[in-house]
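Residue strings, one per chain:
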Amino acid sequence: MIVLKGIIKQYADVKALREVDLTVADGSIYGIIGRSGAGKSTLLRIMSLLESPNQGEVFYNGERVDTLRGRDLLLRRRKMGMIFQNFNLLSSRNVAGNVAYPLEIAGFHKKHIHERVDELLELVGISDKRKARLRELSGGQKQRVAIARALAVNPEVLFCDEATSSLDPQTTRAILGLIKDLHDKLKITVVLVTHQMGVIREVCEEVAVLDEGYIAERGTVKSVFDAPKTAAARELVYA
Ligand code: ADP
């Protein structure tokens, strides 16, 4: 479903990605792992069309998308949801206001937004926090709000950029369980970037190991974890 071909991304004299090829199958939970600075976030930003590559092509279901601009880009990006380590929520809005935000931008009617927000908050298990201010929430609850917001306009793909990296182990497990449930229930494709091996092991089916802008190794989680072939993968697996 998502195909990247020969992606190169350079910032000044830093080569963040060097000829990356990647295919993420429809409906999979795909993990991208690598140590800090390996190029994971850059790869995710290019996949989610937040940035353009210097070279290479990005395809969604066979359609070239890295060249989209203006309204076409906006509409394509609406089919993607994204969650981050620091949640990126709007502190001026309460829980419901945050989840409603993308629905307002997409131009839905008030009544539909109200119903949809209720539905989403129930889906992520925080219906009781509808009117809460963000400062009253735990990290795990904030990430649930961010997930509800990301899913508001029924995306086809959910991108997770170190989404559990600031959470304690118990909350991490709960959030990963939620992501897995949502994947099963909504048949959404999940692409997850992390430096935490445990996260990949817990939820992913396939994994790519990124090292200094290259994909060092890729395969099923079982194959890469049971028998890592490259130094980069071994360093992560045996850490
Ligand atoms: P990771 O997510 O694996 O930690 P990143 O994709 O954030 O790695 O970064 C890869 C490399 O690209 C790093 O050397 C980083 O400093 C550099 N880089 C990333 N984004 C930018 C940017 N906007 N400007 C300059 N350099 C950047």
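If you're wondering where the values come from, they're calculated on a predicted model, not measured in any experiment. (Residues numbered from 1 in each chain as written. Predicted model: local features only at pLDDT ≥ 70, side-chain atom pairs only at ≥ 80, totals over all residues. Heavy atoms only, no water.)

### With respect to the nonpolar core
Generally speaking, soluble globular proteins have nonpolar side chains that are buried together.
Move 1: Ranked by internal contacts, the top residues of the largest apolar core, which has 52 residues, are Ile83, Val117, Ile147, Cys160 and Val190.
Move 2: Ranked by the residues each element gives to this core, the list is headed by helix α5 (residues 139–151), at six residues.
Move 3: The next biggest cluster of nonpolar side chains, apart from the first, holds 29 residues, and it includes Ile7, Leu17, Ile32 and Met47. (Core = buried A, V, L, I, M, F, W, Y, C linked by side-chain atoms within 4.5 Å. Buried < 20%, exposed > 50% of the residue type's maximum accessible area, 1.4 Å probe, protein only. Helix = DSSP H or I, 4+ residues; strand = E, 2+ residues; numbered from the N terminus.)

### Brief notes about the packing of helix α3 (residues 95–105) against helix α4 (residues 110–123)
Move 1: The geometry of α3 relative to α4 is characterised by a closest axis approach of 9 Å and an angle of 120° between their N-to-C directions. Between α3 and α4, the crossing angle belongs to the class labelled oblique. Regarding α3 and α4, the two cross each other, and that crossing is right-handed. Between α3 and α4, the contacting residues are Val95, Ala96, Val99, Ala100, Leu103 and Glu104 on the first element and Ile113, Arg116, Val117, Leu120 and Leu121 on the second.
Move 2: In the contact of α3 with α4, the residues fall into nine nonpolar, no polar and two charged. (Axes fitted to C-alpha atoms, helices over the stretch in contact; angles between N-to-C directions. Parallel < 35°, antiparallel > 145°, perpendicular 65-115°, else oblique. Left-handed = near helix turned anticlockwise from the far one by under 90°. Contact = heavy atoms within 4.5 Å. Nonpolar A, V, L, I, M, F, W, Y, C, P; charged D, E, K, R; others polar.)

### A short note on the pairing of strand β10 (residues 214–220)
Move 1: One ladder, built from six bridges, connects strand β9 (residues 206–211) with β10; its direction is antiparallel. Note that in β10 the partner of Val209 across the bridge is Glu217.
Move 2: Linking two consecutive strands that pair antiparallel, namely β9 and β10, is a turn of two residues; a positive phi of about 50° is found at Glu212 within it. (Pairing = 2+ DSSP bridges.)

### Description of the sheet that holds strand β2 (residues 14–24)
Move 1: Taking strand neighbours across the sheet as the criterion, the four strands line up as β2-β1-β4-β5 in an open arrangement whose pairing is antiparallel. A strand with exactly one partner marks an edge of an open sheet, and here the two such strands are β2 and β5 (63–64).
Move 2: Judged from the five bridges that link them, strand β1 (residues 2–11) and strand β4 (residues 55–60) form a sheet pairing that is antiparallel. From the neighbouring strand, Leu4 faces β4, where its bridge partner is Val58.

None of this, on its own, says anything about what the molecule does.
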